[in-house]
Amino acid sequence: FALVKESATTKEGHTAQEEHSDNEESFFVHPISMEYSKVDAERLGLLIALIVDEVVSTTQGKKLLEVMYKEDLSSSPKEIADARGWKLITDSTALKELCHSLILDTKNQKQLEQYKQGGKHIRKMKKFFVGKIMAASKGNAHPELLQDALDEALDEIAPGVE
């Protein structure tokens, strides 16, 4: 809806962000409605299905909607997601391997040592590793499954840390 409103053109040719009126509807060429959206119901439904089926994350879904609305007015959401590499990694084995490789990376040895100290360091270092893993996966790691995989990997690498 925000994209529909953002792109709605006023009668004078300005966008809603450039002007403001107490009666906002009166200065648009057409009412702000999905009826005038560049994204039809079928494509919107396909996008929602990708999010519900956890093919893409909600963040990726928002990016997809923006691309569908502003750049690619005809391709399916799946085609756009595939072309841009937006697909959640949901395979627990792949996530665990990614976790292992990043935790054991020589660049992250200092953080691993801090994690092994336990206590207040555990939470901070877990966040650090999640950030590194998300960056390495270009945001494609499934967030909840990643937490489980990270916990398992850390338990294997540094057992008994509390």
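Keep in mind the model is a prediction, meaning the values are calculated, not measured. (Residues numbered from 1 in each chain as written. Predicted model: local features only at pLDDT ≥ 70, side-chain atom pairs only at ≥ 80, totals over all residues. Heavy atoms only, no water.)

Caption draft 1: Geometry of the packing of helix 5 (residues 92-103) against helix 7 (residues 120-136). The N-to-C vectors of helix 5 and helix 7 enclose an angle of 115°; their axes lie 10 Å apart at closest approach. Judged by the angle between their axes, helix 5 and helix 7 are roughly perpendicular. Note on packing geometry: the crossing formed by helix 5 with helix 7 is right-handed. Note on element contacts: helix 7 touches helix 5 through Phe129, Lys132, Ile133 and Ala136, opposite Leu98, Cys99, Leu102 and Ile103. Here the residues of the contact of helix 5 with helix 7 sort into seven nonpolar, no polar and one charged. (Axes fitted to C-alpha atoms, helices over the stretch in contact; angles between N-to-C directions. Helix = DSSP H or I, 4+ residues; strand = E, 2+ residues; numbered from the N terminus. Parallel < 35°, antiparallel > 145°, perpendicular 65-115°, else oblique. Left-handed = near helix turned anticlockwise from the far one by under 90°. Contact = heavy atoms within 4.5 Å. Nonpolar A, V, L, I, M, F, W, Y, C, P; charged D, E, K, R; others polar.)

Caption draft 2: Representation of the packing of aromatic side chains in the model. A complete count under the given rule lists one aromatic pair for this structure. Residues phenylalanine 128 and phenylalanine 129 carry aromatic rings whose centres are separated by 5.4 Å and whose planes lie at 70° to one another, so their mutual orientation is edge-to-face. A residue is classified by how much of its surface remains accessible, and phenylalanine 128, at 24% relative accessible area, is partly exposed. In this structure phenylalanine 129 comes out as buried when scored by relative accessible area, which is 0%. (Phe/Tyr/Trp six-rings, centres within 6.5 Å; stacked < 30°, edge-to-face > 60°. Buried < 20%, exposed > 50% of the residue type's maximum accessible area, 1.4 Å probe, protein only.)

Caption draft 3: Geometry of the pattern of salt bridges. Inspection of the entire model under this criterion finds seven salt bridges. Note that glutamate 71 is salt-bridged to arginine 84, the shortest N-O span being 2.7 Å. Here arginine 84 lies in helix 4 (residues 77-84) and glutamate 71 lies in the loop between helix 3 (58-70) and helix 4, a separation of 13 residues in the sequence. Exposure remark for glutamate 71: the relative accessible area of 55% places this residue in the exposed category. When its relative accessible area of 40% is taken as the criterion, arginine 84 is described as partly exposed. In this structure, the salt-bridge partner of lysine 96 is glutamate 152, at a minimum N-O distance of 3.5 Å. You can see lysine 96 sitting in helix 5 and its partner glutamate 152 sitting in helix 8 (residues 143-157), a full 56 residues away along the chain. Overall, lysine 96 belongs to the partly exposed group, its relative accessible area being 22%. When salt bridges with common partners are traced through the structure, they connect Lys96, Glu152 and Glu156 into a single cluster. (Salt bridge = Lys/Arg side-chain N within 4 Å of Asp/Glu carboxyl O.)

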